[in-house]
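# Structural features, examined
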Amino acid sequence: VVRATPARFASAAEALRTVFGYEEFRGQQQAIIERVAAGGDAVVLMPTGGGKSLCYQIPSLLREGTGVVVSPLIALMQDQVDALTAVGVRAAFLNSTQDAAARSAVERAYLSGELDVLYVAPERLSSESTKRFLERGSIALFAIDEAHCVSQWGHDFRPDYLALSELAERWPDVPRIALTATATEATHRELTSRLKLEGAEHFVSDFDRPNIQYRIVPKVEPRKQLLDFITSEHPGDAGIVYALSRASVEKTAEFLSSHGLAALPYHAGLDASLRARTQSRFLREEGVIVVATIAFGMGIDKPDVRFVAHIDLPKSVEGYYQETGRAGRDGLPSTAWLAYGLQDVVQQRRMIDDSPGDLAHRRRMTQHLDAMLALCETVQCRRIDLLGYFGQPSGPCGNCDTCLTPPESWDGTVPAQKLLSTVVRLQRERNQRFGAGHLVDILRGKRTARVEQYGHDRLSTWAIGDDLSESQWRGVIRQLIAKELLKPEGEYGVLTITPASAEVLSGGRPVVLRREPDRPERAPRASRS
Ligand code: ADP
Ligand code: ZN
């Protein structure tokens, strides 16, 4: 005998109050909940911390049957189930971490109509046996969390998500709600069609997080800059520091710890139990800083993260927005701080060139990176750029570095020409390519062993650039790479010209650059005083 879990509340407002203890809905929650509770499909684009969970949890309580929630965040399922259980919602999960006994207990509860919410890992749901099992019970709705994972265009594609398109055919009468905090139009369109949600109502929230101050600084000595930033602006605060490699995560955590901060490393190479302990310390203790690769933070609900710092360039604006969105969920002032430099651009372009994917994949990654670089190099309000990327128009925010200390732009055409012509000469006349360091030495007329060895003091561009400092030249090179007027290649990031370089050399294209401070930044203002 199949039993459906009975509906437990008459209205959404009642469930909100009695179960979750909140007086009012936030943003579009009520409209979304009513739509799904009435049996309609919904696509929900809401920023991190916006309150997506209630949008499927409450309809699961209002409808007969069990709400089946697809989530890739296996590590968090236990926490989510515990949180729901604590407020009297009957919840459970099915994923690969369970033993057979635990699994069959959950299955029995589902079939006897004793579950309000069931979390299922996507790889479970793509298996035929799981689908048959679900068919034997009664389903209130399907919630597809982190729905951008179905998008191959997006930054977090998971093949298991593709199988979710089948839900529509197999359960045509069960309402489906897809939720994500990634909001580019391309991703939105793709997830709608892949999940067969053409008939859904779309709920797109305001993506602005006005309490987050966005700052992007030139990277000089990243660890020291990071330490300065934390100790001067966020002493004793909880924060997340993102780095690209495991080695850098460990080094940075050690460095911060050696300066008396409670910093813990977190990456996929560490033992699962250690990772769990780190996560729980971050959630429960005050002022813990986690230094992590991107493996950390998805789905973690800690309201008082006061800063998110990146010491390496994120690969996409989506990723950056999602990671920085983990700061300040409580609405209080918080900082998103990113240090970025020439080496980041060189390294990421190389990673794309070396990546195993096909040409289309590499092109996609390049577009993602270019958008991220444009955000870094912009001379206008960062927020205008960021929200614009998500299709949301806005005005100058007054709470980002470019608003607080407007960067000057300067005419970099002549330095760009000096640099590019040096590269062209070496390439054409001598068939030689070099990295940034040596080119700067030539332009600044610095007699190094390598200059002597190659006779580069006889080049016509020798020493014609001593009006700029070494770090200014590196800034020029970085910005030229960002604008694709120069291209780093190979293991050593040797620089070559691009099709667009010729236009600059012929004087047909002016090069406007962002002026940067010649020394590491000072905070534009104390963020809390
Ligand atoms: P998301 O999944 O969109 O990142 P969550 O669903 O985790 O966000 O919600 C973020 C936080 O906001 C949680 O602590 C949640 O309890 C809280 N929250 C959600 N809805 C409301 C509401 N209507 N009133 C007060 N707090 C809410
Ligand atoms: Zn701004």
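Residues numbered from 1 in each chain as written. Chains lettered and ligands numbered in written order. Predicted model: local features only at pLDDT ≥ 70, side-chain atom pairs only at ≥ 80, totals over all residues.

The name given to the protein in an unreviewed UniProt entry is DNA helicase RecQ, and the organism recorded there is Leifsonia soli. Checking UniProt for the protein, the heading Sequence similarities (unreviewed entry) contains the comment "Belongs to the helicase family. RecQ subfamily." Recorded in UniProt under Catalytic activity (unreviewed entry), the annotation for the protein is "Couples ATP hydrolysis with the unwinding of duplex DNA by translocating in the 3'-5' direction." (UniProt positions renumbered as here; feature names shortened; annotations may be inferred.)

Looking now at the overall build of the protein. Check the secondary structure of the protein and you find 22 helices and 17 strands. Considered along the principal axes of its C-alpha atoms, the protein spans approximately 90 × 50 × 45 Å. Scored against the burial criterion, the 529 residues of the protein give a buried share of 47%. Put simply, 74% of the contacts in the protein that link residues at least 6 apart link residues at least 24 apart. (Helix = DSSP H or I, 4+ residues; strand = E, 2+ residues; numbered from the N terminus. Buried ≥ 20, exposed ≤ 12 C-beta atoms within 10 Å, placed from the backbone. Contact = placed C-beta atoms within 7 Å.)

So, about the packing of helix 15 (residues 359-377) against helix 16 (residues 382-389). Where helix 15 meets helix 16, the closest approach of the two axes is 9 Å, and the angle between their N-to-C directions is 160 degrees. With respect to their mutual orientation, helix 15 and helix 16 come out roughly antiparallel. At the point where helix 15 passes helix 16, the crossing takes the right-handed sense. On the side of helix 15, the interface is formed by Ala371, Ala374 and Leu375, while helix 16 contributes Arg382, Asp385, Leu386 and Tyr389. Split into classes, the residues belonging to the contact of helix 15 with helix 16 amount to 5 nonpolar, no polar and 2 charged. (Axes fitted to C-alpha atoms, helices over the stretch in contact; angles between N-to-C directions. Parallel < 35°, antiparallel > 145°, perpendicular 65-115°, else oblique. Left-handed = near helix turned anticlockwise from the far one by under 90°. Nonpolar A, V, L, I, M, F, W, Y, C, P; charged D, E, K, R; others polar.)

The next thing to look at is the sheet that holds strand 3 (residues 91-94). Strand order in the open sheet made by the 7 strands is 3-4-2-5-6-1-7, with parallel pairing throughout. Edge strands, defined here as strands with exactly one partner in the open sheet, are strand 3 and strand 7 (201-204). The sheet shows a mean angle of 20 degrees between the axes of neighbouring strands, taken without regard to direction. Contacts from helix 2 (residues 29-37) reach strand 1 (42-45), strand 5 (139-144), strand 6 (176-180) and strand 7, with the element oriented near 160 degrees to strand 1. Most of the contacts of helix 5 (residues 100-111) go to strand 3, to which it runs at about 130 degrees, and overall it touches strand 2 (66-70), strand 3 and strand 4 (117-120). (Pairing = 2+ DSSP bridges.)

Among the 14 residues in the neighbourhood of ligand 1, the closest are listed as Tyr22, Arg26, Gly51, Lys52 and Ser53. Its residues assigned to classes, the shell around ligand 1 comprises 4 nonpolar, 6 polar and 4 charged. (Near = placed C-beta within 6 Å.)

Quick look at the pairing of strand 10 (residues 263-266) now. On strand 10, burial covers both faces: Ala263 and Pro265 on one face and Leu264 and Tyr266 on the other are all buried. Alignment of strand 10 against strand 11 (residues 289-292), held across 4 bridges, turns out to be parallel. Each residue of the ladder has a partner; that of alanine 263, found in strand 11, is isoleucine 289. Note on the crossover from strand 10 through helix 12 (residues 272-284) to strand 11: the handedness is right-handed. (Right-handed = clockwise from strand over helix to strand, strands pointing away.)

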